[in-house]
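# Observations on chain architecture
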Amino acid sequence: MNLSLNLRAMVGRAYPRLIGANREPSWIFYETFLPVLTTAAYVCIYKALDAPKEFVGFVVIGGVMTAYWMNVLWSMAAQLYWEKEVGNLQLYMIAPMSKMALLAGMAIGGLFTTSTRALVILTAGIYIFKVDVDVSSITHLLLVFFLTLGALYGLGMLFSSLYLLWGREAWHLSNLLQEPVYLVSGFYFPVRKLGFSLALAASILPTTLGLDSMRQLLFPGAHTWRILTVEIETKILAILTIVFILLAKYALDHVEKVARREGRLIMRWQ
Amino acid sequence: MAITPDLKHSLRVVKTSTWLDWQIDSNWTSPLIFSIYTLVKPLAATLIIVVMYYVVAGRVVEEARLHFMYLGHAFYMYVAQVLFSMGWVVHDDREHYQSLKYLYISPSHYYLYLVGRALGKLLLTSVSVIILLILGFLLLGIPRNMDILLFFPGLLLGFVAVVGFGITLASVTLLTARHGEGIGASLAGVFYLFSGAIFPLSVLPDWGQRFGLLLPTTYWFSIIRRSILGYEVDPTLGGVTDRTLLLTLLFGAIASIFLSVVVYKAMEYLGRKKGIIDMMTTY
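What counts as what
Residues numbered from 1 in each chain as written. Chains lettered and ligands numbered in written order. Predicted model: local features only at pLDDT ≥ 70, side-chain atom pairs only at ≥ 80, totals over all residues. Heavy atoms only, no water. Helix = DSSP H or I, 4+ residues; strand = E, 2+ residues; numbered from the N terminus. Rg over C-alpha atoms; globule rule 2.2 N^0.38 Å. Buried < 20%, exposed > 50% of the residue type's maximum accessible area, 1.4 Å probe, protein only. Contact = heavy atoms within 4.5 Å. Areas by Shrake-Rupley, 256 points an atom, 1.4 Å probe, with all protein chains shown as cover. Lys, Arg positive; Asp, Glu negative; His and termini not counted. Charge placed at Lys NZ, Arg CZ, Asp CG, Glu CD. Axes fitted to C-alpha atoms, helices over the stretch in contact; angles between N-to-C directions. Parallel < 35°, antiparallel > 145°, perpendicular 65-115°, else oblique. Left-handed = near helix turned anticlockwise from the far one by under 90°. Nonpolar A, V, L, I, M, F, W, Y, C, P; charged D, E, K, R; others polar. Polar contact = N/O pair within 3.5 Å; in protein donor to acceptor, adjacent residues only side chain to side chain. Buried area = accessible area lost by both parts, 1.4 Å probe. Salt bridge = Lys/Arg side-chain N within 4 Å of Asp/Glu carboxyl O. Core = buried A, V, L, I, M, F, W, Y, C linked by side-chain atoms within 4.5 Å.

## Some remarks on the overall build of chain B
Each helix and strand counted, chain B has 10 helices and zero strands in total. Starting at the N terminus and walking to the C terminus, you meet the elements of chain B as α-α-α-α-α-α-α-α-α-α. Over its C-alpha atoms chain B spans a radius of gyration of 20 Å, differing by no more than 12% from the 19 Å that the globule rule assigns to 283 residues. For chain B, the residues scored as buried account for 58% of the 283 residues in total. Sequence-distant contacts in chain B: of pairs separated by 6 or more residues, those separated by 24 or more amount to 79%. Approximately 11800 Å² of chain B is accessible, and the part contributed by carbon and sulfur atoms is 70%. The average position of the 20 basic charges and that of the 16 acidic charges among the side chains of chain B differ by 4 Å.

## Considerations on unusual backbone geometry
All names here are of chain A. Positive phi, close to 55 degrees, is recorded for Asp50, a residue that is not glycine. In this fold, Asp50 is placed in the loop between helix H2 (27–48) and helix H3 (54–77). According to the relative accessible area criterion, Asp50 is exposed, its value standing at 64%. Residues other than glycine seldom take positive phi values, yet Lys130 does so here, at roughly 55 degrees.

## A word on the packing of H2(A) against H3(A)
Residues and elements named next belong to chain A. Where H2 meets H3, the closest approach of the two axes is 9 Å, and the angle between their N-to-C directions is 160 degrees. Judged on the interaxial angle alone, H3 and H2 are roughly antiparallel. For the element pair H2 and H3, the recorded crossing hand is right-handed. Note on element contacts: H3 touches H2 through Phe55, Val56, Val59, Val60 and Gly63, opposite Thr39, Tyr42, Val43 and Tyr46. Looking at the contact of H2 with H3 residue by residue, the class counts come to seven nonpolar, two polar and no charged.

## Describing the environment of A:Arg17
Residues and elements named next belong to chain A. Tracing the backbone shows Arg17 in helix H1 (residues 3–23). Put simply, Arg17 and Ser203 are 186 residues apart on the chain and 31 Å apart in space, counted from C-alpha to C-alpha. Side-chain polar atoms of Arg17 contact the backbone oxygen of Ser75, separated by 2.9 Å. Among the polar contacts listed, one links the side chain of Arg17 to the backbone oxygen of Met106, at a separation of 2.8 Å.

## Concerning the interface of chain A and chain B
Contact residues are listed per partner, giving 54 residues for chain A and 52 residues for chain B. Summed over both sides, the interface of chain A with chain B buries roughly 4900 Å², with 70% coming from carbon and sulfur. Where chain A touches chain B, the interface holds one salt bridge. Here B:Lys41 ties to A:Glu179 by a salt bridge, and the two come within 2.8 Å at their closest N and O atoms. If you list the elements that add at least two residues to the side of chain A that touches chain B, you get H1, H2, H3, helix H4 (79–86), helix H8 (168–176) and helix H9 (179–185) of chain A. Looking at side-chain class alone, the side of chain A that touches chain B contains 33 nonpolar, nine polar and 12 charged residues.

## Observations regarding the nonpolar core
Among the nonpolar cores identified, the biggest contains 187 residues, and A:Trp69, B:Phe75 and B:Trp220 are the most heavily contacted of them. When residues of this core are assigned to their parent elements, the largest contribution, 19 residues, is made by helix H3 (residues 64–96) of chain B. Setting aside chain neighbours within four positions, we find A:Trp69 in contact with A:Leu152, A:Leu155, A:Phe159, A:Leu177, A:Gln178, A:Val181, A:Tyr182 and A:Phe187. Counting residues in hydrophobic clusters, the runner-up holds five residues, among them B:Trp28, B:Phe34, B:Tyr37 and B:Leu124.

Below is the structure:
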């Protein structure tokens, strides 16, 4: 494997996303200001219900993670489908770099706008919604956050291999995986309240354990609703990161072969 | 009233694009999977609200506050789906199918085409909303004090307002690059927060309440709830009569359509002037 080539491919794919974000900045409005309003709506639900104060914090952290989940779904998983549809995929396929480098480039490029959105929601949460955070360990918090992102983007890469094969199903699957995942991962409430077994089953999604750990590390009262201890959740997240990235590599290679064999690799407008 | 050839042509454009929207949304899979797909997303979105309520209150049956939230959220699906999809239609036509330029130079007016696409979304969302209502009546004990003389005119006027906002959004995307698919979902947040869809307006600060009262959807949600539950929960609109609500919604619906026409014309003019009507962005 040519490391230098793959690094250049990664930078090359991240570049248009970063440049595009500067060249046409309309996203700043609808990717930063507007998502805060949706988060605010969930905050208001809890306020209307006189919920414990921690719940507002739960919603804000959930709002931060929706930015990454949306990015994984639309700008990672569905992206190879999109590239196929607009005619770029064949160019990627004949280029000598690894497809994983391409996907990593997409992830890094997308992280800029996504993290801006996440940061705005977090800032709004702290200053507008007056969320009190009490970080018990900043190192552990950062570790959990980056492991969650690693596992999440690994999952995105895994999905993108499926999307390589599919037509419009890809777009609809991304659409479908928004609210149901918000529900089972507990983006806006402690998922433990749905029952331990269900929460554990939902832990296959990195967002479930990531959110649970981050809440435990940010809000002392969150231990009441935890699924597992932060230490165990961190270990599981590390395993999920490795497993999803390895699976993604395997799936990309396999699905590419299937798609080539069936002549569906660059079939457009299915 | 005689139907003029122009009106007949316009209706045909709307009908055809509604059909096209239905086809794009539904013919990618088998009817069974499509039915499940149509149900799962709105059901999950509504369950989030129910679970949030349950987490705090510890119960979900026969709870007036939950009925308020449930009905508001069920009908908010129209706003969410139309805005989400209409924020995507132009990019889809322009960059995915690369058909926008052909649609644009055809004798059909692109604005009417957008009306048809929005109606297609309303039609599709209606399936989900009807099922959500049935589930709400059966499982959550939502009262059925139906006032159809209030419900149907209100529903129709709300549709007009939502279509107007959807086309306004689609018009704006004539000028924007495809950075992602979230623009519609993000804009829907404005209506989610300020329309009293899931919590009474009185929860919002004064400026938020004042802004909410400018949105036709605020009156729409109130009419829908009154016509189904038979009472109003939100104290902000509690003193307003049904007739006043309907008239305000009528005005709001007309304003929404007017806004969509003005924005469409402005964006179309700017798009042509900048030469980006059929631009491709591969970010």
